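Structural overview for review
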Amino acid sequence: MSGHAKLVQSHQCRQCCTFCDRVVHPAGCIESSCPYLYLYDDEASGRRYMGCLGNVFKVEIDVEVFGEAERTRQRFGGVKITGRPTPRCQISVERAYEGHGEPFDCVNPGFFEPPETGPDPAEALDLRDRL
Ligand code: SF4
Ligand code: SF4
C-alpha cells in the first residue's frame, strides 16, 4: 500500500454503513488567518480559488461559491482531509448516511477522537525564514 493510500484511509472509516469522513472547514482557515491558506486567480476563467499550502485538503475552492454559501447557508461546510492536519485546522467528522440498527452501530469510536496533528503552520514558516 502506498503512503498516499494510508493517509486517505486514516481520514475515512467504512467499518459500518454510516461511512464517515474527516473534513476540514475552510471557514476556519480564513478565521485563523492561516499562513498556509493561499488565493490564486485563474486567468483563463477569471475565477479566484483558495487552497491549502500544507495539503491538508487538495481541492481548490471557488472563492465566490464559498462566499455565497457562507452568506446563504451560513457555512460552506467541510472538504475531505487528504493530509496531516495542523492545530489550526477546524476539523469534524461527517457521516454520509444516517440509519438505525446494527448496520449503523459504530464499531470504531476512536475515529471521532481528534486526529494526530503536525506543527502549526506559523511555526513551520518561521523555521523556513530562519534557514
Ligand atoms: S493548514 Fe489547516 S487551517 Fe491552514 S489552510 Fe490548511 S486546512 Fe486551513
Ligand atoms: S460510525 Fe463508526 S464504524 Fe461507522 S463508519 Fe463511522 S467511525 Fe466507522
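In this numbering scheme, every chain counts its residues from 1 along its sequence in written order. The naming scheme follows written order: chains are lettered A onward, ligands numbered 1 onward. Only residues with pLDDT of 70 or above have their local features reported here, since the model is predicted, and side-chain atom pairs are shown and tallied only from 80 upward, although totals for entire chains, interfaces and linings are computed over all residues. Computation of side-chain values: all heavy atoms of the structure, hydrogens and water removed.

1. Comments concerning the overall build of the chain
Which entries qualify depends on this criterion: Helix numbering and strand numbering both begin at the N terminus, where a helix is a DSSP run of H or I of at least 4 residues and a strand a DSSP run of E of at least 2. Accessible area is worked out with a 1.4 Å probe on protein chains only. A residue is then buried under 20% of its type maximum, exposed over 50%, and partly exposed in between. Contacts are assigned to residue pairs that have any heavy atoms within 4.5 Å of one another. Calculation of accessible area relied on Shrake-Rupley with a 1.4 Å probe; when residues are assessed, cover is drawn exclusively from the protein chains displayed.
Within the chain, the regular secondary structure consists of 4 helices and 7 strands. Expressed as a percentage of the 131 residues in the chain, the buried residues total 30%. For the chain, long-range pairs separated by at least 24 residues make up 64% of all intrachain contacts whose partners lie at least 6 apart in sequence. Split by element, the accessible area of the chain, about 8,600 Å² in all, is 51% carbon and sulfur.

2. Quick word on the site of ligand 2
Here is the rule: Nearness is judged by heavy atoms alone; a residue qualifies as near a molecule or strand once a single heavy atom is within 4 Å of it. Just so you know the grouping, Ala, Val, Leu, Ile, Met, Phe, Trp, Tyr, Cys and Pro go in nonpolar, Asp, Glu, Lys and Arg go in charged, and all remaining residues, Gly too, go in polar.
All residues adjacent to ligand 2 are Cys13, Gln15, Cys16, Thr18, Phe19, Cys20, Cys106, Val107, Asn108, Phe111 and Phe112. Grouping the constituent residues of the shell around ligand 2 by class yields 8 nonpolar, 3 polar and no charged.

3. Description of the environment of glutamate 94
Tracing the sequence through the fold places glutamate 94 in strand E7 (residues 91–95). The partly exposed category is assigned to glutamate 94, whose relative accessible area is 36%. Distance in space between the C-alpha atoms of glutamate 94 and phenylalanine 112 is 10.0 Å, their sequence separation being 18 residues. The residues touching glutamate 94, leaving out its near neighbours within four places in the chain, are Phe19, Cys20, Asp21, Val23 and Gly78.

4. Structural notes on the pattern of salt bridges
Note that side chains of opposite charge can pair when their charged atoms are close. Note the following rule: Here a salt bridge means any side-chain nitrogen of Lys or Arg lying within 4 Å of a carboxyl oxygen belonging to Asp or Glu.
Summed over the entire model, instances satisfying the criterion amount to 8 salt bridges. The partner of glutamate 68 in a salt bridge is arginine 71, and the shortest N-O contact between them spans 2.9 Å. Of the two residues, glutamate 68 and arginine 71 are both situated in helix H3 (residues 63–72); the distance of 3 residues between them amounts to about one turn of the helix. Residue class for arginine 71 comes out exposed when judged on its relative accessible area of 61%. Between aspartate 120 and arginine 88 there is a salt bridge whose closest N-O contact spans 3.0 Å. In this pair, aspartate 120 is assigned in the loop between E7 and helix H4 (121–130) and arginine 88 in the loop between strand E6 (79–80) and E7, connecting sequence segments 32 residues apart. What makes arginine 88 partly exposed here is its relative accessible area of 24%. One salt-bridge network, in which partners are shared between bridges, spans Arg14, Asp21 and Lys80.

5. A word on the packing of aromatic side chains
Defined as follows: Pairing of aromatic side chains requires ring centres within 6.5 Å, counting the rings of Phe and Tyr and the six-membered ring of Trp. Pairs whose planes differ by under 30 degrees are stacked, by over 60 edge-to-face, and all others tilted. Put simply, a charge is over a ring when the Lys NZ or the Arg CZ is close to the ring centre, within 6 Å, and near the line of the ring normal, within 35 degrees.
If you walk through the whole model with that rule in mind, you get 4 aromatic pairs. Judged by centre distance (5.8 Å) and plane angle (65°), the ring pair of phenylalanine 19 and tyrosine 97 falls under edge-to-face. Placement of the pair is phenylalanine 19 in the loop between strand E1 (12–13) and strand E2 (20–24) and tyrosine 97 in the loop between E7 and H4, with a sequence separation of 78 residues. Judged by its relative accessible area of 33%, phenylalanine 19 is partly exposed. When the centroid spacing of 5.2 Å and the interplanar angle of 55° are considered together, the rings of phenylalanine 66 and phenylalanine 76 count as tilted. Taken together, the positions of phenylalanine 66 in helix H3 and phenylalanine 76 in the loop between H3 and E6 put the pair 10 residues apart, joining distant regions of the chain. Judged by relative accessible area, phenylalanine 66 falls into the buried class, the value being 7%. Above the plane of the ring of phenylalanine 111 lies arginine 22, whose end atom (NZ or CZ) is 4.3 Å from the centre.

6. Topic: the sheet that holds strand E4 (residues 47–52)
Filter applied, for reference: Strands are treated as partners if at least two bridges between them are detected by DSSP.
Read from one edge of the open sheet, 3 strands run E3-E4-E5, paired in antiparallel fashion. The open sheet is flanked by strand E3 (37–42) and strand E5 (61–62), the only strands paired with a single partner.

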